[in-house]
Amino acid sequence: MLDAKVAELLNVQVNKEFYSAYLYLDFSNYYTEQGLNGFANWYRVQAQEERDHAILFMQYLQNNGCKVTLEAIDKPDQKFASFAEPLEAGYQHEQYVTGLIHTIYDAANSVKDFRTMQFLDWFVKEQGEEETNADDLVKKFSLFGSDARALYMLDSELAKRNYSAPSLTL
Ligand code: FEO
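Analysis parameters
- Residues numbered from 1 in each chain as written.
- Predicted model: local features only at pLDDT ≥ 70, side-chain atom pairs only at ≥ 80, totals over all residues.
- Heavy atoms only, no water.
- Phe/Tyr/Trp six-rings, centres within 6.5 Å; stacked < 30°, edge-to-face > 60°.
- Buried < 20%, exposed > 50% of the residue type's maximum accessible area, 1.4 Å probe, protein only.
- 1 Å grid on protein atoms, 1.4 Å probe; cavity = no way out; pocket = protein on both sides within 12 Å on 5 of 7 lines; lining within 4 Å.
- Points joined across faces, edges and corners; volume = space filled by probe spheres on them.
- Helix = DSSP H or I, 4+ residues; strand = E, 2+ residues; numbered from the N terminus.
- Axes fitted to C-alpha atoms, helices over the stretch in contact; angles between N-to-C directions.
- Parallel < 35°, antiparallel > 145°, perpendicular 65-115°, else oblique.
- Left-handed = near helix turned anticlockwise from the far one by under 90°.
- Nonpolar A, V, L, I, M, F, W, Y, C, P; charged D, E, K, R; others polar.

Peer 1: Quick question: what am I supposed to make of the packing of aromatic side chains here?
Peer 2: Two aromatic rings are characterised by how far apart their centres lie and by the angle between their planes. The tally for this structure, following the rule as stated, stands at 15 aromatic pairs. Consider the rings of Tyr30 and Tyr31, whose centres lie 5.1 Å apart with planes at 65°: the pair is edge-to-face. Owing to a relative accessible area of 10%, Tyr30 belongs among the buried residues under this scheme. An aromatic cluster of three or more residues is present, and its members are Tyr24, Phe27, Tyr30, Tyr31, Phe39, Trp42, Tyr43, Phe80 and Phe141.

Quick look at the structure:
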């Protein structure tokens, strides 16, 4: 059995990952409404990845004999005044999620729960990639977003992102 605090944090993370999926679907919907279908695609794929993360946390809890409690998912309620705002909010959100993962890691480390630490190693690496991707989007938009032709090309590039299942299996 997992330590109670570690199990609780893992269960909270299920909700946080589903919220991330919800948040990115909200971003995707915003860009669809604005006619930027490539940006919309990028966040729709990201939402699928976040759902995968939620399922992985659920499976890990279940593999360790823990009950999963699904809580209500917060409503994404951001209003965007510019195309750049979701990108910046996304980067901040990934930094926040990295902090959550590190908090679980800390809790697991404090009770010598090496199995959970090993499980979380994948997420520590994944967060590094997700922060880099989110930061790249912010930087690319600040370089090219104000030029209509460049924005069109960036949107076309983001339209090519395809979903692929996570490399971690349990
Ligand atoms: Fe599941 Fe974007 O972190």
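Peer 1: Looking at this structure, I do not really get empty space enclosed by the protein. What am I missing?
Peer 2: Which parts of space are left empty comes out when a probe the size of a water molecule is rolled across the atoms. Under the definition given, this model contains one cavity of 30 Å³ or more. When its volume is computed, the largest cavity comes out at roughly 60 Å³. Tallying contributions element by element places helix H4 (residues 114-144) first for the lining of the largest cavity, with four residues.

Peer 1: What's the story with the environment of Ala72 in this structure? I'm lost.
Peer 2: You can see Ala72 is positioned in the loop between helix H2 (37-63) and helix H3 (84-110). In sequence terms Ala72 and Lys160 are 88 residues apart; their C-alpha atoms lie 33 Å from each other.

Peer 1: Help me understand unusual backbone geometry, please; the structure alone is not making it clear to me.
Peer 2: The bulk of non-glycine residues show a negative phi, and the bulk of peptide bonds are trans. Even without a glycine there, the phi angle at Lys112 is positive, about 55°. Tracing the chain through its elements places Lys112 in the loop between H3 and H4.

Peer 1: How should the packing of H3 against H4 be read in this particular structure?
Peer 2: Running from N to C, H3 and H4 point in directions that differ by 165°, and their axes come no closer than 9 Å. With respect to H4, the axis of H3 lies roughly antiparallel. The element H3 and its partner H4 pack so that their crossing is left-handed. Tallied by class, residues from the contact of H3 with H4 come to 16 nonpolar, seven polar and six charged.

None of this, on its own, says anything about what the molecule does.
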